[in-house]
Amino acid sequence: QVQLVESGGGLVQAGGSLRLSCAASGRTFSSYCMGWFRQAPGKEREFVAAISWSGGSTYYADSVKGRFTISRDNAKNTVYLQMNSLKPEDTAVYYCATHLAKGCTSAPLLYDYWGQGTQVTVSS
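Residues numbered from 1 in each chain as written. Predicted model: local features only at pLDDT ≥ 70, side-chain atom pairs only at ≥ 80, totals over all residues. Heavy atoms only, no water.

Participant: I tried to follow the sheet that holds strand 7 (residues 68-73) on my own but got confused; where do I start?
Facilitator: Strands in a sheet are paired, the pairing made by backbone hydrogen bonds, and the direction either parallel or antiparallel. Read across the sheet, four strands follow the order 1-3-8-7 without closing on themselves; strand pairing throughout is antiparallel. Either end of the sheet is taken by a strand with one partner, and the two such strands are strand 1 (2-7) and strand 7. Each strand axis lies, on average, 15 degrees off the axis of its neighbour in the sheet, ignoring direction. With six bridges joining them, strand 1 and strand 3 (residues 18-26) adopt antiparallel strand pairing. Within the sheet, the bridge partner assigned to valine 2 lies in strand 3 and is glycine 26. (Pairing = 2+ DSSP bridges. Helix = DSSP H or I, 4+ residues; strand = E, 2+ residues; numbered from the N terminus. Axes fitted to C-alpha atoms, helices over the stretch in contact; angles between N-to-C directions.)

Participant: Help me understand the pattern of salt bridges, please; the structure alone is not making it clear to me.
Facilitator: Note on pairing: side chains with opposite charge can pair once their charged atoms come close. This model, assessed by the stated rule, comprises four salt bridges. Here glutamate 46 makes a salt bridge to arginine 38, at a shortest N to O gap of 2.6 Å. The shortest N-O distance in the salt bridge between aspartate 90 and arginine 67 comes to 2.8 Å. Of this pair, aspartate 90 sits in the loop between strand 8 (78-83) and strand 9 (92-99) while arginine 67 sits in the loop between strand 6 (58-60) and strand 7, placing them 23 residues apart in sequence. No difference in accessibility class separates aspartate 90 from arginine 67, as the two residues are buried. Shared partners join several salt bridges into a network, and the residues in it are Arg38, Glu46, Arg67 and Asp90. (Salt bridge = Lys/Arg side-chain N within 4 Å of Asp/Glu carboxyl O. Buried < 20%, exposed > 50% of the residue type's maximum accessible area, 1.4 Å probe, protein only.)

Shape is all these values report; function is a separate question.
Next up, the structure:
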């Protein structure tokens, strides 16, 4: 079992920044890929970013590339999502998830454990 708890969401103006955190407990955090996803009202859950077990490989959706940065601290069992230059279309509930493999995927169905989500609202 893996327990994931997100934090850091909130309300921010367009152009602003937020940093999301996801604290993990349970199975060996450092062995697995971690991902961030988001879901806006009326839309499907979509991939945002992922990071391999070592942090050596990162992956981003085209919509966030150059603005968001995913990182992890295996000593703290935490993964982060630094979000800069936020846009109103980034408004969504953001979820972190664990894919029980060292490599990563962008397919949400292949992630095994999910956090409860944190709301990010970007005002124009």
